[in-house]
Amino acid sequence: MADTAPLKDQLRSYFNGIGFERWSAIYGDSELSSVRRTIRAGHDAMLAQAESWLRQRFAVPATGTTALDAGCGTGLFSLALARMGFTVAAVDIAPQMAAAAQARLRQAGFAEQATCSAADLETVDGQFSVVACFDVLIHYPAEGFESLCTHLARRCDDTLLLTYAPYSPLLATLHRIGGYFPKSQRRTEIQMIRDAQVHATLRAAGMTITRQARISKGFYHVALVEASRK
Ligand SMILES: C[S@@+](CC[C@H](N)C(=O)[O-])C[C@H]1O[C@@H](n2cnc3c(N)ncnc32)[C@H](O)[C@@H]1O
């Protein structure tokens, strides 16, 4: 079994420091460089697609239905979930991210409907109808991906939404030459995973892939997957 503790320490410290500044700018509405604008646009498109799938699957308002925003960052999707009526648990390994998510939800009037906490997702217990995990698994290489994805699938009673960085020879080449992100902006590695591994991991956890989409805009490239237990 992979020892992911050093990677998690690195991610916690990055997303609790310089990464918090960088990503809260991307997830906010301040002026950005052209590279980061493409990441914001891609991320916005991915969240919109995920929300539209959820709205097709659940009657909205989904009052009382539980949702885990796994690796919530600044809480953009936690807020979308709360607005759809879900009872939200937002969890992030970086305390600054969890605090930003909490502030966002409180300001929008959802303090009662959402809890935010700083924790490693692999320590999260409990069952949720929906588990959303966006742009988190992109940081985990194959074995770490498998154990985190399996843990999240086990927490999920109905619908699991996740993104991963799909393997492609072109992106692999860009990685090799360091072109995926300009070096000055790159502080975490993006780990590409083959579709077959994602499918096998979900299948082994008792889930069936029900929808998938590729979201590609400039420097933002992810695969979005909806998997279902039923
Ligand atoms: C690129 S951000 C994505 C944030 C959010 N999901 C979104 O799409 O707006 C990745 C987040 O995953 C969190 N993260 C990474 N590994 C984690 C883990 N093992 N447990 C909890 N959070 C984790 C990081 O702290 C960071 O906030």
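Up top you'll find the structure we're talking about.
Thresholds applied
- Residues numbered from 1 in each chain as written.
- Predicted model: local features only at pLDDT ≥ 70, side-chain atom pairs only at ≥ 80, totals over all residues.
- Helix = DSSP H or I, 4+ residues; strand = E, 2+ residues; numbered from the N terminus.
- Rg over C-alpha atoms; globule rule 2.2 N^0.38 Å.
- Buried ≥ 20, exposed ≤ 12 C-beta atoms within 10 Å, placed from the backbone.
- Contact = placed C-beta atoms within 7 Å.
- Expected span 1.5 Å × (residues − 1).
- Pairing = 2+ DSSP bridges.
- Right-handed = clockwise from strand over helix to strand, strands pointing away.

K.L.:
What's the story with the overall build of the protein in this structure? I'm lost.
P.N.:
Summing up its helical and strand segments, the protein has eight helices and eight strands in all. On C-alpha atoms alone, the protein measures out to a radius of gyration of 16 Å, which is about the 17 Å that the 2.2 N^0.38 rule sets for 230 residues. In terms of its C-alpha atoms, the protein occupies a principal-axis envelope of roughly 50 × 40 × 30 Å. When each of the 230 residues of the protein is scored for burial, the buried share is 38%. Contacts spanning at least 24 positions in sequence make up 71% of the contacts within the protein whose residues lie at least 6 apart.

K.L.:
Hey, could you run me through the environment of Asp125 in this one?
P.N.:
When you line up the elements, Asp125 lands in the loop between strand S3 (114–118) and strand S4 (128–133). Sequence spacing of Asp125 and Leu152 is 27 residues, and the spatial spacing of their C-alpha atoms is 9.5 Å.

K.L.:
What is the right way to read helix H6 (residues 142–154) from this model?
P.N.:
The α-helix advances 3.6 residues per turn, and as a result positions three or four apart in sequence lie on the same side. Helix length check: H6, at 13 residues, gives a terminal C-alpha distance of 18 Å against a target of 18 Å (1.5 Å per residue), a fit within 8%. Listing the buried residues of H6 in full gives Phe145, Glu146, Leu148, Cys149, Leu152 and Ala153. Where H6 is buried, its residues meet strand S1 (66–70), S4, strand S5 (156–166), strand S6 (192–193) and helix H8 (195–204).

K.L.:
Would you mind showing me how to read the environment of Arg106 here?
P.N.:
Structurally, the position occupied by Arg106 is in helix H5 (residues 95–107). Once the C-alpha coordinates of Arg106 and Leu79 are considered, the two residues, 27 residues apart in sequence, prove to be 9.7 Å apart.

K.L.:
What should I look at first to understand the pairing of S5 in this one?
P.N.:
Each regular strand displays side chains that alternate between the two surfaces of the sheet. Within S5, eight of the 11 residues are buried, which leaves it mostly tucked inside the rest of the structure. Pairing between S4 and S5: five bridges, direction parallel. Looking at S5, one finds that Val130 is bridged to Thr159. Following the backbone out of S4, through H6 and into the adjacent parallel S5, one traces a crossover that is right-handed.

Everything listed here is a matter of geometry and, on its own, says nothing about what the molecule does.
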